[in-house]
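# Overview (structure and organization)
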Amino acid sequence: MICQPSSTPTRKKSETNKNIIELEPAEIERRLELQKMDKWHNLVEGNLILKQGLVDKRKGLFARRRMLLLTRGPHLYYVDPATMTLKGEIPWGAELRTEPKNFKIFFVHTPNRTYYLEDPEGYALEWCKAIDEVRAFYYPEQSQS
Ligand code: 4IP
């Protein structure tokens, strides 16, 4: 006899409300241990990766495909996935702002530069939401306005 669950499993309220940055210290340690086996770990200076994904970073006429790594710290590193070299990072600060243009394209504004990013998979809104959550955590006063 096959037993069917009596009701559809639902996520607990605490899980649905949880964002990517509010983690208990033990959870951070647990995830860092797992991350040590990840190929990107050595490129993020020991910081916990909160979100990662391939994006096309446009500068001038050309775009370069980069692995974008949002970490605790906070940091937004970008890595050349072909050579596995860290190419740079988007400088964090209270002034950093995201701007989704459509499902693929989003901007990250910093005081000295606007980064033009394209998520070929169409998760630009998720990127903006994740970066905004991290910003609200590290710069709560600036995020309220
Ligand atoms: C490069 O273009 C790449 O877009 C670089 O990105 C970018 O550096 C350079 O800008 C730009 O000239 P080419 O490869 O066509 O030469 P990446 O570092 O990801 O390879 P950043 O890191 O600043 O976007 P300059 O202005 O930094 O040189």
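Our subject is the structure listed above.
Numbering of residues begins from 1 in every chain and follows the order in which that chain's sequence is written. Local features in this predicted model are restricted to residues whose pLDDT is 70 or higher, and side-chain atom pairs enter the listing and the counts only when it is 80 or higher, whereas totals over whole chains, interfaces and linings include all residues. In computing side-chain properties, one takes all heavy atoms of the structure into account and sets aside hydrogens as well as water.

### Some points on the side chain of D56
Quick reminder of the rule: Numbering of helices and strands runs from the N terminus; a helix is a DSSP stretch of H or I covering at least four residues, while a strand is a stretch of E covering at least two. What qualifies as a polar contact is a pair of N or O atoms within 3.5 Å, subject to a donor-acceptor requirement within protein and to the restriction that residues adjacent in sequence count only when both atoms come from side chains. Contacts are residue-level and defined by heavy atoms, with any inter-residue pair within 4.5 Å sufficient.
Within the secondary structure, D56 sits in strand 1 (residues 49-59). At 2.9 Å, the side chain of D56 and the side chain of R65 are in polar contact. In this structure, D56 is in contact with A63, R64, R65, Y116, L117, E118 and P120, ignoring residues within four places of it in sequence.

### Description of the side chain of K57
Following the sequence through the fold, K57 ends up in strand 1. Other than its neighbours up to four places away in sequence, K57 contacts F62, A63, R64, R66, Y78, R113, Y115, Y116 and L117.

### A few points about the nonpolar core
The following threshold applies: Among buried residues, those of type Ala, Val, Leu, Ile, Met, Phe, Trp, Tyr and Cys that are joined through side-chain atoms within 4.5 Å constitute a nonpolar core. The classification of residues rests on relative accessible area computed with a 1.4 Å probe and restricted to protein chains. Under 20% of the type maximum is buried, over 50% is exposed, and intermediate values are partly exposed.
By size, the foremost hydrophobic cluster in this structure holds 26 residues, and its most contacted members are L68, I90, F106 and I131. Elements with a minimum of two residues in this core: helix 2 (25-35), strand 1, strand 2 (62-71), strand 3 (75-80), strand 6 (105-110), strand 7 (113-118) and helix 3 (124-138). In terms of residue count, helix 3 provides more of this core than any other element does, six residues in total. When neighbours within four sequence positions are excluded, I131 is seen to be in contact with L70, L76, W92, L96, T98, F106 and V108.

### Topic: the sheet that holds strand 6
Cut-off, in case you're wondering: Following DSSP output, two strands are said to pair if at least two bridges run between them. Axis geometry follows a simple rule: fit a line to the C-alpha atoms, using only the stretch in contact for helices, then measure angles between N-to-C directions, giving values from 0 to 180 degrees.
Here seven strands make up an open sheet; going across it, the order is 4-3-2-1-7-6-5 and the pairing antiparallel. Both edges of this open sheet fall to strand 4 (85-89) and strand 5 (97-100), since each of them pairs with a single strand only. Going from strand to strand, the sheet's axes swing by 35° on average, the running direction of each strand aside. In terms of strand pairing, strand 6 meets strand 7 through six bridges, oriented antiparallel. Paired with I105 across the bridge in strand 7 is E118.

### What to know about the packing of aromatic side chains
Filter applied, for reference: Stacked, edge-to-face and tilted are the three classes for Phe, Tyr and Trp ring pairs, Trp counted by its six-membered ring, which pair at centre distances within 6.5 Å; planes under 30 degrees apart are stacked, over 60 edge-to-face, the rest tilted. We call a charge positioned above a ring when the Lys NZ or Arg CZ atom is no farther than 6 Å from the ring centre and deviates by at most 35 degrees from the ring normal.
The final tally for this structure, using the stated rule, is five aromatic pairs. Ring centres of Y78 and Y115 lie 6.5 Å apart, and the angle between their planes is 55°; on these two criteria the pair is classed as tilted. Of this pair, Y78 sits in strand 3 while Y115 sits in strand 7; the two residues are 37 residues apart in sequence, bridging distant segments of the chain. Here the two residues Y78 and Y115 agree in accessibility, since each one is buried. Both rings, one in F107 and one in Y116, keep their centres 4.5 Å apart while their planes meet at 55°; by these two values the pair is tilted. Residue F107 is classed as buried on the basis of its relative accessible area, which comes to 13%. Looking at K51, its charged tip hangs above the ring of W127, at a distance of 4.8 Å from the centre.

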